[in-house]
Amino acid sequence: MRHVAIIGSGPAGFYSAEALQKLYGENVRVDLIDRLPVPYGLIRSGVAPDHQSIKAVSKRYEKTALSPNLRFLGHVSVGEDVSIEELKQLYDAIILATGAPHDRPLDIPGSTLPGVVGSAAFVGWYNGHPDFADLDPPLGVASAAVIGNGNVALDVARILSKTRAEFAGSDIAGHALDVLDHSAIRIVHVLGRRGPHQIAMTPKELGELGHLEAAAPRVDLEDFPPEVDDALLEPGMRKSVTHLRSFAALPQDKAKTIDFDFFAAPVRVEGEGKVERLVVERTRLDDQLRSVGTGETYAIECGLVVTCIGYQTPPIEGVPYEHGRGRFANAEGVIGDGLYAVGWARRGPTGTIGTNRPDGFEVADTIAAACPPGSSGGKAGGEGLDALLAGRGVRPVAFSDWQRIEAAETARARAGSPREKFASIADMIAALGR
Ligand code: NAP
């Protein structure tokens, strides 16, 4: 029997568990440990609440969780309740699937002013993540700036622009829905430091912006290269750029505008005690397609700045870390000494949910090469962890407990909504009657 601990129950964690089950069959016991009492990581707290079809993948993870050789241990914090060193004593392999839940900082003057928030915080807030339930972003302002040209910037711009009715069927956190419903924001500036051909947005997500009830996207065709150049783009990118171009023909007759500012790099945030404006510098592309400042600046009046410029993995004591790339130092998923990384903790914050799947299969193969199926390492595994946690007064949340939390969230949902998430750990635990 082999024992594997996976830290983090998001997509990368679940795909790794599934791969280990397929490879080892009955010869493995997997413990999936999460800091929160609830599973699914980015599916629950990162994927936009109005993208329920993407969130449906959790049904597949549930199937994995319900198999007899896997346990979910929620509300157990590695680094606090148990150390990596202790886990190494207990398990044959430890897989870090901790994702990249921290914002990459926007290192410009004024970026710590109230009203500048990172996308991890903002997305966590509207998704009911306990760490960000109290964010209280300033939405009583006329204008917001969203920095970045990736899909997260699109998510944020869309959530800031939707009407209450458009959130029907979503699982947006109630506290966020109420505040967004009374938002005074009429213009959302989406800032890219490069041009329309350098966006990191995908066609489906861009296309959605053209069909919002009370908001219209706006672009300036002056920012675009000649249309014939679109033919040189790969098909997905070409489709995205076609959507962008089509926005130029849309009537600007809606209450809100999503304004795409290309070639605009943030320089500093200004304001008396809070954000009042963002100063940006016009850029151009160099021959390597990098953005280069032109020296010309202008100010965007705004009371909210959301930075959507990527994420990083928080370091764990004793685990080698690559600071420049914000992820664990690893060679093809191997950190060393029985320690592995998958998903964004391995690769950095790129790719879709499905991109994590091959990582899971690769790590399972690598572990199987070191610990062949059928062999034993003589480790104590889950029984040893249970004893250690019990001795520390830590009571993990099992998958069956999570199912009770989920049932309680479903029972208190708004009409038409799949659930009303508990946005504090205390409320999650209280739902268990503890
Ligand atoms: P991303 O795709 O890497 O985009 C980050 C954006 O931030 C880029 O446009 C980048 O510009 C810009 N940026 C970085 N540093 C900057 C700076 N200092 N100043 C100005 N702009 C800066 O990251 P993301 O949007 O956070 O998304 C993360 C991953 O999740 C992506 O793979 C994304 O596709 C995925 N995702 C998918 C969905 C979906 O499928 N519906 C939804 C959300 C997220 P440069 O290109 O110039 O560096």
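Everything in this summary refers to the structure shown in the same document. (Residues numbered from 1 in each chain as written. Predicted model: local features only at pLDDT ≥ 70, side-chain atom pairs only at ≥ 80, totals over all residues. Heavy atoms only, no water.)

## Side note on the environment of Y321
As a reminder of what qualifies: Numbering goes from the N terminus for both helices and strands, where a helix is a DSSP run of H or I of at least four residues and a strand is a run of E of at least two. Three exposure classes are used, based on accessible area relative to the maximum for each residue type with a 1.4 Å probe and protein chains only: buried under 20%, partly exposed in between, and exposed over 50%. By definition in these notes, contact holds between two residues if any of their heavy atoms fall within 4.5 Å. What qualifies as a polar contact is a pair of N or O atoms within 3.5 Å, subject to a donor-acceptor requirement within protein and to the restriction that residues adjacent in sequence count only when both atoms come from side chains.
Here Y321 shows up in strand β16 (residues 321-322). A relative accessible area of 17% places Y321 in the buried class. Sequence separation between Y321 and I335 is 14 residues; the distance between their C-alpha atoms is 9.3 Å. With near-sequence residues (within four places) excluded, Y321 lies in contact with Q312, T313, P314, P315, G326, R327, F328 and A329. A polar atom in the side chain of Y321 sits 2.3 Å from the backbone oxygen of T313.

## Considerations on the nonpolar core
In summary, soluble globular proteins display a tendency toward joint burial of nonpolar side chains. Formally: Among buried residues, those of type Ala, Val, Leu, Ile, Met, Phe, Trp, Tyr and Cys that are joined through side-chain atoms within 4.5 Å constitute a nonpolar core.
Counting residues in each nonpolar core, the largest one holds 47 residues, and the members touching the most others are Y126, V156, L160, L180, V190, L244 and F260. Element by element, the count of residues in this core is highest for helix α7 (residues 151-161), at six residues. Ignoring anything within four residues of it in the chain, the contact list for V190 reads V146, G148, N149, A153, A157, M201, I258, D259, F260 and D261.

## Observations regarding the pattern of salt bridges
Our working rule: The rule for a salt bridge is simple: a side-chain nitrogen of Lys or Arg has to be within 4 Å of a carboxyl oxygen of Asp or Glu.
Evaluated as defined, the whole model comprises 40 salt bridges. Among the salt bridges present, the one from E208 reaches K204, with a minimum N-O distance of 4.0 Å. Within this pair, E208 and its partner K204 are both found in helix α9 (residues 203-209), separated by four residues, close to a single helical turn. Overall, K204 belongs to the exposed group, its relative accessible area being 51%. One continuous salt-bridge network, built from bridges that share partners, spans D50, D155, R158, K162, K204, E205 and E208.

## So, the sheet that holds strand β4 (residues 93-96)
To keep things clear, this is the line we draw: Two strands qualify as a pair provided that DSSP identifies no fewer than 2 bridges between them. All axes are obtained by fitting lines to C-alpha atoms, using only the stretch in contact for helices, and the reported angles, taken between N-to-C directions, cover 0 to 180 degrees.
Strand order in the open sheet formed by six strands is β3-β2-β1-β4-β19-β18, and the pairing between neighbours is mixed. The open sheet has two free edges, formed respectively by β3 (70-73) and β18 (334-336), since each of these has just one partner strand. The average angle at which neighbouring strand axes cross in this sheet is 20°, direction not considered. Note that β4 and strand β19 (residues 339-341) share three bridges and pair parallel. Residue L96 lies in a different strand from β19, and its bridge partner there is A341.

## So, the sheet that holds strand β7 (residues 143-147)
The parallel open sheet is built from six strands, whose spatial order is β6-β14-β7-β8-β10-β9. Each end of this open sheet is capped by a strand with a single partner; those strands are β6 (116-118) and β9 (215-218). Geometrically, the sheet is characterised by an average inter-axis angle of 20° between neighbouring strands, direction not taken into account. In this fold helix α6 (residues 119-126) packs onto β6 and β14 (304-307), with an angle of close to 80° to the strand it touches most, β6.

## What to know about the side chain of D31
Among the secondary structure elements, D31 is positioned in strand β2 (residues 28-33). Polar contacts involving the side chain of D31 include one to the side chain of R71, which spans 2.9 Å. D31 has contacts with V4, A5, I6, R71, L73, Y91, G382 and L385, leaving out every residue within four places of it along the chain.

## Topic: the site of the ligand
As a reminder, the rule being used: We call a residue near a molecule or strand as soon as one heavy atom of that residue lies within 4 Å of the molecule or strand. Only the protein chains shown count as cover for residues, with accessible areas throughout obtained via the Shrake-Rupley method and a probe of 1.4 Å.
Close to the ligand lie 22 residues; N149, R193, R194, E205 and G351 are nearest. In the model, an oxygen atom of the ligand is placed 3.4 Å from a nitrogen or oxygen of the C308 main chain. In the complex, the protein chains occlude 79% of the 920 Å² of accessible area that the ligand would expose alone. Among the elements that line the shell around the ligand, the one with the most residues is α7, at three residues.

## Re the side chain of D155
Tracing the sequence through the fold places D155 in helix α7. In this structure D155 comes out as buried when scored by relative accessible area, which is 10%. Side chain to side chain, D155 and R158 meet in a polar contact 3.1 Å long. The residues touching D155, leaving out its near neighbours within four places in the chain, are A48, H51 and Y126.

Everything listed here is a matter of geometry and, on its own, says nothing about what the molecule does.
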